[in-house]
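What follows is each chain in one-letter form.
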Amino acid sequence: MGVAGAPKVHDADAWKPRLAQGIDTLIATVKTGKGAMPPGGMCTDCTDEDIKKAIGFMSK
Ligand code: HEM
């Protein structure tokens, strides 16, 4: 929903510059947290593959 400045789900334009960083960089960012995003995106048992799929879902 774009909580606290987060890129909105299915807002491809908002995600384009973020995806340009490369999926491995984004996975690392999600794990450490960024700005108002908590480490792991609040998911404590997500694998890298889970995070990758979530990013794929959110960015299309
Ligand atoms: C598994 C769940 C989540 C995934 C996979 C995820 C993924 C991402 C990714 C890939 C970015 C872009 C980072 C970048 O531009 O380098 C992002 C940004 C952000 N997310 Fe999440 N997120 C998740 C959950 C959450 C939650 C729960 C919140 C808020 C409570 C949140 C808030 C934010 C915010 C505020 C940003 C913008 C950070 C900034 O540019 O300073 N995210 N998220």
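Some points on the site of the ligand
Move 1: Neighbouring the ligand are 22 residues; Ala6, Gly35, Ala36, Met37 and Gly41 lie closest to it.
Move 2: Contributions of two or more residues to the shell around the ligand are made by helix H2 (23-32) and helix H3 (48-58).
Move 3: When the residues that make up the shell around the ligand are grouped by side-chain class, the tally is 15 nonpolar, five polar and two charged.

Quick word on the environment of Ala36
Move 1: Mapped onto the elements, Ala36 comes out in the loop between H2 and H3.
Move 2: By C-beta crowding, Ala36 is classed as exposed, having 9 other C-beta atoms within 10 Å.
Move 3: Residues Ala36 and Val3, spaced 33 residues apart in sequence, show a C-alpha to C-alpha distance of 8.8 Å.
Move 4: With residues near it in sequence (within four places) discarded, Ala36 still touches Ala4 and Gly5.

About the criteria used
For every chain, the first residue of the written sequence is number 1, and numbering continues from 1 along that sequence. Thresholds applied to this predicted model are a pLDDT of at least 70 for local features of residues and 80 or more for the giving and counting of side-chain atom pairs; totals over whole chains, interfaces and linings are not thresholded and use all residues. Any residue whose backbone-placed C-beta atom lies within 6 Å of a molecule or strand is treated as near that molecule or strand. Going along the chain from the N terminus, every DSSP run of H or I of four or more residues is numbered as a helix, and every run of E of two or more is numbered as a strand. Classification used: nonpolar for Ala, Val, Leu, Ile, Met, Phe, Trp, Tyr, Cys and Pro, charged for Asp, Glu, Lys and Arg, polar for all others including Gly. A residue is called partly exposed when the number of other C-beta atoms within 10 Å of its own lies between 12 and 20, exposed at 12 or fewer, and buried at 20 or more, with C-beta atoms placed from the backbone. Once C-beta atoms are placed from the backbone, any two residues with those atoms within 7 Å are in contact.

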